[in-house]
Amino acid sequence: MRLAYSAEELTFSYGAVEALHINRLDIRAGERIALVGPNGSGKTTLLHLLAFIAAPDKGTISFFGEIATPDNLLAFRRRAALLLQQSYLFRTSVLTNVEMGLRVRGVSRRKSRRMAQEALDRVGLLALERRSARSLSGGEAQRLALARALVLNPEVLLLDEPSTHMDKAGVQRTEEILLDLNRQTGTTVILTTHNLERVHSVAQRVVNLFRGRVVPAFTDNLFKGEVTGGGSSFETGRALFRLPVAARGGAYVTIDPTLIQVSRVLPEDAPPNTFEGRVVTIAQENGGIRLEVAAGERFHVLMSPGDWDLLKAALGEKVWLTFGENAVILLN
Amino acid sequence: MSFIVEAFSRACNLVVDFDPEVYLVVWTSLKVSFAAVVAASAVGVPLGLLIALREFRGRETLLVVLNTMMALPTVVVGLLFYAVLSRRGPLGELDMLFTPVGIALGLSVLALPIVVNLTISAIEGLDRRLFLTCRLLGATAVQQAWMILKEARFAVMASVVMAFGRVVSEVGIAMMLGGNIRGFTRTMTTAIALETSKGELELGLALGLLLLFVAFAVNAALYMLQRRSG
């Protein structure tokens, strides 16, 4: 198994605040990974380290078997492209923006122009090649930045919230491009997202981050509290969760929003974690439905359109939330 | 009052008739100012870029010194360069005193802190994502500096134009290092001072009108550059 990245004992701090602490993270070459976590969980910091534009305080990152050192940072940086959440566009034309990375690599003007046009065609912006980059809309600007990254034929493509500013069609197109790229060239794709509904449409594996650490759970339903009942439950002050195994410590619990069942009547043989609440938000989210239910705590539930058709709850309607003990994951 | 109107009328005639003496003075002024600004830019823009992009010990002190130099009294610069370029000075053998080159040298020192300071401001005013993007695209340090400079080009050009505006209207250095030699080192400002002291208002007024025109052109250029860099 060839590894694109192997990170060990990685730490990174902003001043005195530790933003990232990863004991070990292996990413296979050709893998598609989503880094998921709430704001401040260290997703962007990790991407910057993997793009070699920041150096860890401690620990090592191996890139395709070679340990990153100050001497090979530029060479590694040229093999991994990072798309920022809000990309900077140069004060020039759309086409010249895409050519920039090629020009710094010494590619001839003629060849870089042809390659840039191909990349623009791929993201559907070829018709705008002569336009000023600064005149593009938010979604177009992100597609231009994607073309600027794609044209470099990187071995690893890192994307920080790539669907920001994009409409539904733009998101789908971007996902198709990423999947095609991965299948055709074996490019490793690593993206950060908070859009859990779309995670699996691109990613084969999800790495959850919470407070700078890799954790084994989603963090949409993240509640602070303390372990009670001798390790059998977790008390937040507004809700009491039954835990799967006797636990000693832990200041947070998280519940995977795709594992919460919603029904309009109290199910028979309801599991220990059953909560009565009212629907406060119903939103479409990239082909699925996201519900927010006030049931002591505010729970987020992600459901498929099929499940939603069976439920069809109205705003303010009383519903029951149920989930097994194994859906509750304790975090330190 | 009537003598002012008469002098103004004769001054306008000198301007519209393209009086050779008037325009030779204008040409000398533009020539030495342009040379000074080119020299100051050649040193000041890379220096400003370097100071803006690098963190080093004493940077804050250097910025204060550079800011202080913006208010450099022109007669002090003239005095120092007079000492350096005079026969007994370290560069006396170069015979640059009372030559256009001597004036340009002194003016370039006046222009340098303006170019450096405003280049630093231009670079520091850029979107921080630009610096990250240059690195992400795999640019070397030199390539990054060039890309950053290109992004700040309008603001940097504005700094050069502002420096030109400062030196073209300067009188102390041009007088002390040029000596106001007719047909050789006489600039618009020194000629205005001399003609006024002689009571010859029309030549002074003609040059004053042209100096105002140059100042207007410089400010119009500056306005356009600032709009584009904004």
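Definitions and limits used
- Residues numbered from 1 in each chain as written.
- Chains lettered and ligands numbered in written order.
- Predicted model: local features only at pLDDT ≥ 70, side-chain atom pairs only at ≥ 80, totals over all residues.
- Helix = DSSP H or I, 4+ residues; strand = E, 2+ residues; numbered from the N terminus.
- Rg over C-alpha atoms; globule rule 2.2 N^0.38 Å.
- Buried ≥ 20, exposed ≤ 12 C-beta atoms within 10 Å, placed from the backbone.
- Contact = placed C-beta atoms within 7 Å.
- Pairing = 2+ DSSP bridges.
- Axes fitted to C-alpha atoms, helices over the stretch in contact; angles between N-to-C directions.

**Here's the deal with the overall build of chain A**
- Secondary structure summary: chain A contains eight helices and 21 strands in total.
- The C-alpha radius of gyration of chain A comes to 22 Å, within 12% of the 20 Å expected for a compact globule of 332 residues.
- Counting only C-alpha atoms and orienting by the principal axes, one finds that chain A spans roughly 70 × 45 × 35 Å.
- A total of 332 residues make up chain A; the buried ones form 41% of that total.
- In chain A, the share of contacts with a sequence separation of at least 24, taken over all contacts with a separation of at least 6, comes to 69%.

**Some details on helix H1 (residues 43-50) of chain A**
Residue and element names in this part refer to chain A.
- Burial analysis of H1 places seven of its eight residues in the buried class, which makes it a mostly covered element.
- Turning to H1, its buried residues number three or more, namely Lys43, Thr45, Leu46, Leu47, His48, Leu49 and Leu50.
- Trailing H1 by a residue or two, phenylalanine 52 shows a phi angle of about 65°, which is positive.

**Points about the sheet that holds strand E11 (residues 221-224) of chain A**
Residues and elements named next belong to chain A.
- On the basis of which strands lie adjacent, the open sheet formed by three strands has the order E11-E15-E21 and antiparallel pairing. Pairing within the sheet leaves two strands with one partner each, and these edge strands are E11 and strand E21 (328-331). Averaged over neighbouring strand pairs, the angle between their axes works out to 25° when direction is ignored.
- Note that E11 and strand E15 (residues 252-255) share four bridges and pair antiparallel. If you follow asparagine 221 over to E15, its bridge partner there is isoleucine 255.

**Here we look at the pairing of strand E4 (residues 58-63) of chain A**
All names here are of chain A.
- Direction of pairing for strand E1 (residues 3-14) relative to E4: antiparallel, over a ladder of five bridges. Counted as the bridge partner of alanine 7 is isoleucine 61 from E4.
- Summarising the sheet, E4 and strand E5 (residues 66-67) pair through two bridges and their orientation is antiparallel. Residue pairing for E5: serine 62 is matched across the bridge by isoleucine 67.
- Between E4 and E5, which follow one another and run antiparallel, lie two residues, and phenylalanine 64 among them has a positive phi close to 50°.

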